[in-house]
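# Structural description and commentary
So you can see what is in the structure, the chains are spelled out below.
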Amino acid sequence: MEVKVLDINGKETGRTVTLSDSVFAIEPNKHAVYLDVKQYLANQRQGTHKAKERAEVTGSTRKIKKQKGTGTARAGSVKNPLFKGGGTVFGPRPRSYSFKLNKGLKRLARKSALTLKAQESNLVVVENFEFEAPSTKKFINVLKALGLDNKKSLFVLGDTNNNVYLSSRNLKASSVITASELNTYAILNAGSVVLFEGSLAGIEETLSK
């Protein structure tokens, strides 16, 4: 598929690039997308939750009342889960929520996500640009020129560009990553995906395997 290349001012450069149909025009697999996003979100969980169980609650171990003759249920400890301040039954324990996905499935999910963005006309290709120094104001001007100042956006660089990254860091609605950091969640979480011209070769080479 042919896509026009825009410049930093949002104007056409007169050049086009051909995006690989095997990456940007496949039949989207929504289940693969679901699994990859689920894994990404699961990996963000710390899993440090913990509730004290009966053996871990501070309290006396003496029998609090006689076994029989009280007219109420027998009770052997103030740490009984039935009492206020007692231990928690089957409470959460520290654990890892991560799980494994095959590399082929993850590639399929990323290709599906990029295809969906292309189908929605939310995929933009811009020529490579740099800033002499970090400048949030300049980055905002780029967003306005591309019509993305009121939308969530994801910029994908070919290589690390520290000045562009630092220029976007204060903006909650925009994020900048390199092609090697591209993931399904980031693609779907953005309203529009802006691909630097220099990132295309790396993306297609990685996802065409």
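Placed above this text is the structure.
Residues numbered from 1 in each chain as written. Predicted model: local features only at pLDDT ≥ 70, side-chain atom pairs only at ≥ 80, totals over all residues. Heavy atoms only, no water.

### So, helix α2 (residues 30-44)
Residues spaced three or four apart along an α-helix face the same direction, because each turn holds 3.6 residues. With 15 residues, α2 should cover 21 Å at 1.5 Å per step; its first-to-last C-alpha distance of 21 Å lies within 8% of that length. Within α2, the full set of buried residues consists of Ala32, Val33, Leu35, Asp36, Val37, Gln39 and Ala42. Elements that come into contact with the buried residues of α2 comprise α3 (103-119) and α6 (184-189). With a side-chain oxygen positioned 3.2 Å from the backbone nitrogen of histidine 31, the residue opening α2 is asparagine 29. (Helix = DSSP H or I, 4+ residues; strand = E, 2+ residues; numbered from the N terminus. Expected span 1.5 Å × (residues − 1). Buried < 20%, exposed > 50% of the residue type's maximum accessible area, 1.4 Å probe, protein only. Contact = heavy atoms within 4.5 Å. Polar contact = N/O pair within 3.5 Å; in protein donor to acceptor, adjacent residues only side chain to side chain.)

### So, the pairing of strand β1 (residues 2-6)
Sheet topology note: the β1/strand β2 (residues 12-18) ladder contains four bridges and is antiparallel. Note on β2: the bridge partner recorded for lysine 4 is threonine 16. Note that β1 and strand β3 (residues 123-126) share two bridges and pair parallel. Directly across from leucine 6, in β3, lies its bridge partner valine 126. (Pairing = 2+ DSSP bridges.)

### Some thoughts on unusual backbone geometry
Even without a glycine there, the phi angle at phenylalanine 90 is positive, about 55°. Turning to its location among the elements, phenylalanine 90 is positioned in the loop between α2 and α3. On the basis of relative accessibility, which here comes to 82%, the residue phenylalanine 90 falls in the exposed class. Here serine 121, not a glycine, exhibits a phi torsion of approximately 60°, which is positive. Along the chain, the position of serine 121 falls in the loop between α3 and β3. The exposure class of serine 121 is exposed, given its relative accessible area of 62%.

Any functional reading would require information beyond the geometric quantities listed.
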